[in-house]
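Residue-level structural notes
Listed here are the chains, written in short residue letters.
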Amino acid sequence: MGELFAHPRIENLEMDLVPLSKAESSFLLEAGDLLFARQSLVLSGAGQCSIFIGNTEPTVFESHLIRCRLDKSVANPNFFFYFFRSPAGRTAIEAIVEQGAGASGIRGSDLVNILVPLPPKAIQEETATVLTALDDRIALLRETNATLEAIAQALFKSWFVDFDPVHAKQQGIAPAGMDEATAALFPDSFEDSELGVLPKGWRTGSVLDIANLLSGGTPKTDRPEFWGGDIAWASAKDVSQSNAPVLTQTDRTITPEGLEKSATQMIPAMATVVVARGATTGRMVLFGKPMAMNQTCYALVSKLNAPVALHCLMRREIDNLVNAAHGSVFDTITTSTFARSRVVLPPRALLERFEELAGHVFKRIVVATETAQTLATLRDTLLPRLISGQLRLPEAEAAVAS
């Protein structure tokens, strides 16, 4: 069921595999099947709808899901997928939710009795075409971001983990894919260290040797004048549920007065922010713009003007930090956790050269993330009006083009 909550449109995802016997074959999914969450710990999750687009492997569904296969001669599956994700669709779903002990749920027998709009098939297809096109563009931007981050991580690994340029120079050959000035920044030999063999002259230390650690806070929630301003305020939920490596938008915002009269503070752009406690300890993002944040997170700001290198380092080290964390129920990362860490500290000149290369990559990620958010906002704005018939295709196409 995790795939349903994480991916409204399910297509070519890695999933747990089960033997496909004759009994399970009746649970095979087909493209266009709608899947509803039968239960959830929260009201908003009960009855959440996803659409199965397709998979490279035969895919079945588990018992916590309800499969709904529409009559495609009269119903476009994408239209009804978007209906059930619209405010009107959620209202219809919540009308059949039953609240139980610690969970909310729906019954299939109630689901089939929900009254839904049934415009002509051509109208359904027009509506689905506009909304699907927006989702396709958002998905492409997110895939591009994942590729760009992988490129930066691969360069970081080659230089600072595998030491490929040092190995090349030790063998008397020029490092691949770099100019002479960059190659000259790498030594041509290794020496022993507390972390094993390292390039000669490189140091070891803690994360706090190269980063300042900042904490956050929460303005009083019973003071409405502190909330709803122009300052983005990131919570652990924003960080842990971000579907991009960069965070540029938050669920809640605060006012300058809320910032001034609370423990929170402005965190600079390009800071790496880590969830420090709770069930999502260790999740992280890079702030794409200055934001405030709450006290469940720590921000790491590079002391060496190398924020992307610091972020790449944290991606590699976070599992070690979480393993070193402690807590009675959930792991908790503290200042001591960062202080006790031991990492490789390359020379500053080399970090600056890495930043010149990888910094451009992350600037593209920031732009793509903001574009995807703009498209998502446009989709969510058009969705109820298209579903209700208040907006038709030419008007929607004009809105998308603008």
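These numbers come from a predicted model, not from an experiment.

Structural notes on the sheet that holds strand E7 (residues 104-105)
Backbone-to-backbone hydrogen bonds pair the strands of a sheet. The strands run either parallel or antiparallel. Pairing is antiparallel across the open sheet formed by three strands, whose spatial order is E3-E7-E6. Lying at the two open borders of the sheet, with one neighbouring strand each, are strand E3 (39-40) and strand E6 (98-99). Direction of pairing for E3 relative to E7: antiparallel, over a ladder of two bridges. Bridging across to E7, Gln-39 finds its partner in Gly-105.

Here we look at the nonpolar core
In terms of nonpolar packing, the biggest core is built from 49 residues, with Met-314, Ile-333, Phe-338 and Phe-354 touching the most fellow members. At the level of secondary structure, the elements contributing two or more residues to this core comprise helix H5 (121-160), strand E16 (284-287), strand E18 (297-302), helix H10 (307-324), strand E19 (343-345) and helix H12 (348-388). A total of nine residues in this core trace back to one element, the largest contributor, which is H10. Phe-338 has contacts with Ser-206, Val-207, Leu-208, Leu-213, Tyr-298, Leu-300, Met-314, Leu-321 and Ile-333, leaving out every residue within four places of it along the chain.

Structural notes on the pattern of salt bridges
All chains considered together, the criterion is met by 17 salt bridges. A salt bridge links Glu-30 to Arg-69, with the shortest nitrogen-to-oxygen separation between them at 3.4 Å. On the criterion of sequence distance, the pair formed by Glu-30 in the loop between strand E1 (9-11) and strand E2 (34-37) and Arg-69 in the loop between strand E5 (65-68) and helix H2 (77-85) is long-range, its members being 39 residues apart. Classification of Arg-69 as partly exposed rests on a relative accessible area of 36%.

Quick look at the UniProt feature "domain: Type I restriction modification DNA specificity" (unreviewed entry) in the protein
The sites that UniProt annotates as "domain: Type I restriction modification DNA specificity" (unreviewed entry) are residues 27-149 and 199-347. Between the first and last C-alpha atoms of residues 27-149 the distance is 37 Å; the span itself is 41% helix and 16% strand.

Analysis parameters
Numbering of residues starts from 1 in each chain and follows the order in which that chain's sequence is written. Note on the predicted model: pLDDT of at least 70 is required for a residue's local features to be given, and 80 or more for side-chain atom pairs to be given and counted; whole-chain, interface and lining totals, by contrast, use all residues. The basis for the side-chain values is all heavy atoms of the structure; hydrogens and waters are excluded. At least two DSSP bridges between two strands are required for those strands to pair. By definition, any uninterrupted DSSP run of H or I lasting at least four residues is a helix, any uninterrupted run of E lasting at least two residues is a strand, and each is numbered from the N terminus. Within this scheme, the nonpolar core is defined by two criteria: the residues are buried Ala, Val, Leu, Ile, Met, Phe, Trp, Tyr or Cys, and they are joined through side-chain atoms within 4.5 Å. In this scheme, a residue with accessible area under 20% of its type's maximum is buried, one over 50% is exposed, and one in between is partly exposed, where area comes from a 1.4 Å probe on protein chains only. The contact definition used throughout considers only heavy atoms, calling two residues in contact when any of these lie within 4.5 Å. Here a salt bridge means any side-chain nitrogen of Lys or Arg lying within 4 Å of a carboxyl oxygen belonging to Asp or Glu. UniProt positions are given in the numbering used here, feature names are shortened, and annotations may be inferred rather than shown by experiment.

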